[in-house]
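What follows is the residue order along each chain.
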Amino acid sequence: MKKRVAFETLGCKLNQFETDSLATQFARAGYDVVPYAAEADAYIVNTCTVTNKSDRKSRNVINRAAARRSGRAEGAPLVVVTGCFATANRSSLESRDDVSYVVDNDRKSQVFHIVDAHFRGEILDPGALAPDSFSYALADGGFHTRSMVKIQDGCDNFCTFCIIPYVRGGATSRPVPDVLDNVRRLVSRGSREIVLTGVNMGRYRSDGKSFSDLLEAILGVEGDFRVRISSLEPEPLDERFVDLLADAKMCPHLHLCLQSGSERILLRMRRMYTLGAYLDLVERIRARYPGFNLTTDVIVGFPGETEEDFEATARVAREVGFGHIHTFKYSRRTGTRADRMADQVPEGVKSERSEAIRRISEEGAERYRRALIGKRERVLVEELAEDGSALGYGEHYVPVRFSAVEGSPARLNAFYDARLVGIASAGGVGNGDGPVLLGLGESGID
């Protein structure tokens, strides 16, 4: 009988890409990839450790898998833990009898070989394997409509609040030819949206090529597809990068991390930009591309954050008019400089400030979407509803539900032009992403 393998992924898009790639390897080798709640022969947990909440989620998921091994002398499933939480807590996880293998980020791409060898009666020591951040298989379609391409890993910035450089290592970049080959293969197989992902992509450097060089080369690949960039640091993004946003294949959307609207707090965070530089970049983008959708991350309750600092962040959030704000309450990470700072902000204050930013985010998301009513969006279909409508994301990364085109049912993974006619409060794509725009399908694009 086929072996069954289940995955659970926490955290960022980079983790999701890596899970999709691993699942593809197992599927191609004849394994059945099943939901995490199902009975399986191996449970693979791709963890996150960016906040205390992430740690709790990682522990809970690991414990649920480990419970399936409890009391079973024979036929117990493997429990494989990888990702950032596994890297940060390797010793404690390896001491557990109910965890089979602990695989750090540098060797995550080898998880298939570790599990497959185990089922063939061999034992591979993960720590003895050569580290490799980029030898991931090309993910098959069917996991997600959008295809992610990993171009970079690690970070050298060492922001005072962040543990990622310790668990992902220093910045490293994938060679340009490898990235382009990945993109071409995905496009030839029918991928319509390529999402570039990494830890700090703006710092991409390979054989003298910068992030802008790589992006220009990707945009030059033949085919009908669009390019989206996942979470991006606002440095170092030059005018050439802004010029490339004009390309017809580029989505008019960036998730540009802010973290704080206070110059003082940005300095304490050791961010590599000033508020002035951030706002200048926003102004340059918006001046050239009206309606460009900017989303962001904000941390509230950083050590020493005063009410005045917080009000500065709230003011910037309102003035920029972000399409969405992902709000984090500052989470202490052992080993970081911020963990040792005085003036830690009480949890109650963090919660109040988080709620305030959440309200600003909701107001901004609805305001941005309403400004799109009457316009057209090129929607990539990701779901088909029972009532015949289709759901997907427009090029501005807004969720759209639209009616069928000329009476014909829409197809998955196809582009359609939809005229936006209204807005709904719920019913988003997948897990939902704010208010959904309602549209009338006007034409399909093969």
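This section reports on the structure supplied with the text.

Parameters and conventions
Residues numbered from 1 in each chain as written. Predicted model: local features only at pLDDT ≥ 70, side-chain atom pairs only at ≥ 80, totals over all residues. Heavy atoms only, no water. Helix = DSSP H or I, 4+ residues; strand = E, 2+ residues; numbered from the N terminus. Buried < 20%, exposed > 50% of the residue type's maximum accessible area, 1.4 Å probe, protein only. Polar contact = N/O pair within 3.5 Å; in protein donor to acceptor, adjacent residues only side chain to side chain. Salt bridge = Lys/Arg side-chain N within 4 Å of Asp/Glu carboxyl O. Arc of directions from axis to C-beta. Pairing = 2+ DSSP bridges. Axes fitted to C-alpha atoms, helices over the stretch in contact; angles between N-to-C directions. Contact = heavy atoms within 4.5 Å. Right-handed = clockwise from strand over helix to strand, strands pointing away.

Brief notes about the side chain of Asp 104
Okay, so step 1: Within the secondary structure, Asp 104 sits in the loop between strand S5 (101–103) and helix H5 (111–119).
Okay, so step 2: Judged by relative accessible area, which is 11%, Asp 104 ranks as buried.
Okay, so step 3: One polar contact links Asp 104 to Arg 107, side chain to side chain, over a distance of 3.0 Å.

Quick notes on the pattern of salt bridges
Okay, so step 1: Scanning the model with the defined rule gives 38 salt bridges in all.
Okay, so step 2: In this structure, Arg 168 and Asp 153 form a salt bridge, with 3.2 Å as the shortest nitrogen-oxygen distance. One end of the pair, Arg 168, is in helix H6 (residues 164–168); the other, Asp 153, is in strand S7 (residues 152–153), with 15 residues separating them in the sequence.
Okay, so step 3: Residue classification places Asp 153 among the buried residues on the basis of a relative accessible area of 2%.
Okay, so step 4: A salt bridge links Glu 347 to Lys 350; the shortest N-O distance between them is 3.0 Å. Of this pair, Glu 347 and Lys 350 both sit in helix H13 (residues 347–372), separated by 3 residues, roughly a single helical turn.

Some remarks on helix H8 (residues 211–219)
Okay, so step 1: Listing the buried residues of H8 in full gives Phe 211, Ser 212, Leu 214, Leu 215, Ile 218 and Leu 219. Within H8, the buried residues cover an arc of 160 degrees as seen down the axis, which keeps them to one side.

Regarding the sheet that holds strand S13 (residues 250–256)
Okay, so step 1: An order of S6-S9-S12-S13-S14-S15 is seen for the 6 strands of this open sheet, with the pairing classed as parallel. Every other strand in the sheet has two partners, leaving strand S6 (147–150) and strand S15 (324–329) as the edge strands with one partner each. This sheet shows a mean twist of 20 degrees between the axes of neighbouring strands, independent of strand direction.
Okay, so step 2: Alignment of strand S9 (residues 193–197) against strand S12 (residues 226–232), held across 4 bridges, turns out to be parallel. Paired with Glu 193 across the strands is Arg 226, a residue of S12.
Okay, so step 3: Sheet contacts for helix H1 (residues 13–28): S6, S9 and S12; angle to S6, the most-contacted strand, approximately 100 degrees.
Okay, so step 4: Sheet strands touched by H13: strand S14 (293–300) and S15. Its angle to S15, the strand with the most contacts, is close to 175 degrees.

Some remarks on the pairing of strand S3 (residues 42–47)
Okay, so step 1: Along S3, 6 of the 6 residues are buried, which leaves the element largely enclosed by surrounding structure.
Okay, so step 2: Covered by surrounding structure in S3 are Ala 42, Ile 44 and Asn 46 together with Tyr 43, Val 45 and Thr 47, the residues of both alternating faces.
Okay, so step 3: Bridging between strand S1 (residues 4–9) and S3 involves 5 bridges; their strand directions are parallel. The residue of S3 that forms the bridge with Thr 9 is Asn 46.
Okay, so step 4: In the sheet, S3 pairs with strand S4 (residues 78–83) via 6 bridges, with the strands oriented parallel. Considered in S4, the bridge of Thr 47 is made with Gly 83.

Concerning the pairing of S1
Okay, so step 1: Pairing of S1 with strand S2 (residues 32–34) involves 3 bridges; the strand directions are parallel. If you follow Val 5 over to S2, its bridge partner there is Val 33.
Okay, so step 2: You can see the chain leave S1, run along H1 and come back into S2, and the turn it takes is right-handed.

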